[in-house]
Amino acid sequence: MSSDKTTDLRSEFDRLDCDKDGYITLKEFRAYHEQNNKDGTSIEKAFAAIDADNDGMVTFEEFQRAYKG
């Protein structure tokens, strides 16, 4: 993955990580996406797909794997 892509993903991750604890929770993910008029069901499905270890928290590594491209 290019340095620019990693930087972009880090910026997006940091935007979602409202409390800056290094993890994105479903609450943070939902709040961000509801502000952008996303459907609640699809938000939960998207979060579950990103949260690879199903611990309820998305790390930057999980986020990066989900959005690599």
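**Q** Describe helix α2 (residues 26-35), and please don't skip the residues or the numbers.
**A** Inspection of α2 places E28, F29 and H33 among the buried residues, and these make up the whole buried set. Around the axis of α2, the buried residues are gathered within 120 degrees of arc, so they sit on the same side. Away from the buried face of α2 by more than 90 degrees, exposed residues K27 and Q35 are located. Backbone geometry just after α2 places N37 at a positive phi near 60 degrees.

**Q** Quick rundown of the packing of helix α1 (residues 3-16) against α2? Include the residues and the values.
**A** In helix packing, the relevant descriptors are the interaxial angle and the interaxial distance, both defined with respect to the helix axes. Two elements in contact, α1 and α2, have axes whose closest approach is 9 Å; the angle formed by their N-to-C orientations is 100 degrees. Considering their axes alone, α1 and α2 lie roughly perpendicular with respect to each other. Contact with α1, carried on its side by E12, R15 and L16, involves E28, F29, Y32 and H33 of α2 and no other residues of that element. Partitioning the contact of α1 with α2 into residue classes produces three nonpolar, one polar and three charged.

Procedures and definitions
- Sequence order as written defines residue numbering, which begins from 1 separately in each chain.
- Only residues with pLDDT of at least 70 get local features here, since the model is predicted, and only at 80 or more are side-chain atom pairs given and counted; chain-wide, interface and lining totals rely on the full set of residues.
- The basis for the side-chain values is all heavy atoms of the structure; hydrogens and waters are excluded.
- For each residue, the accessible area found with a 1.4 Å probe, counting protein chains only, is set against the maximum for its type, and the residue is called buried under 20%, exposed over 50%, and partly exposed in between.
- Helix and strand assignments follow DSSP, with helices taken as H or I runs no shorter than four residues and strands as E runs no shorter than two, numbered in order from the N terminus.
- The directions from the helix axis to the C-beta atoms are what the arc is built from.
- Fitting a line to C-alpha atoms yields each axis, with helices limited to the stretch in contact; the angle taken between N-to-C directions then spans 0 to 180 degrees.
- For classification purposes, an angle smaller than 35 degrees is called roughly parallel, one larger than 145 roughly antiparallel, one from 65 to 115 roughly perpendicular, and anything else oblique.
- By definition in these notes, contact holds between two residues if any of their heavy atoms fall within 4.5 Å.
- Gly counts as polar in this scheme, as do all residues outside two lists: the nonpolar Ala, Val, Leu, Ile, Met, Phe, Trp, Tyr, Cys and Pro, and the charged Asp, Glu, Lys and Arg.

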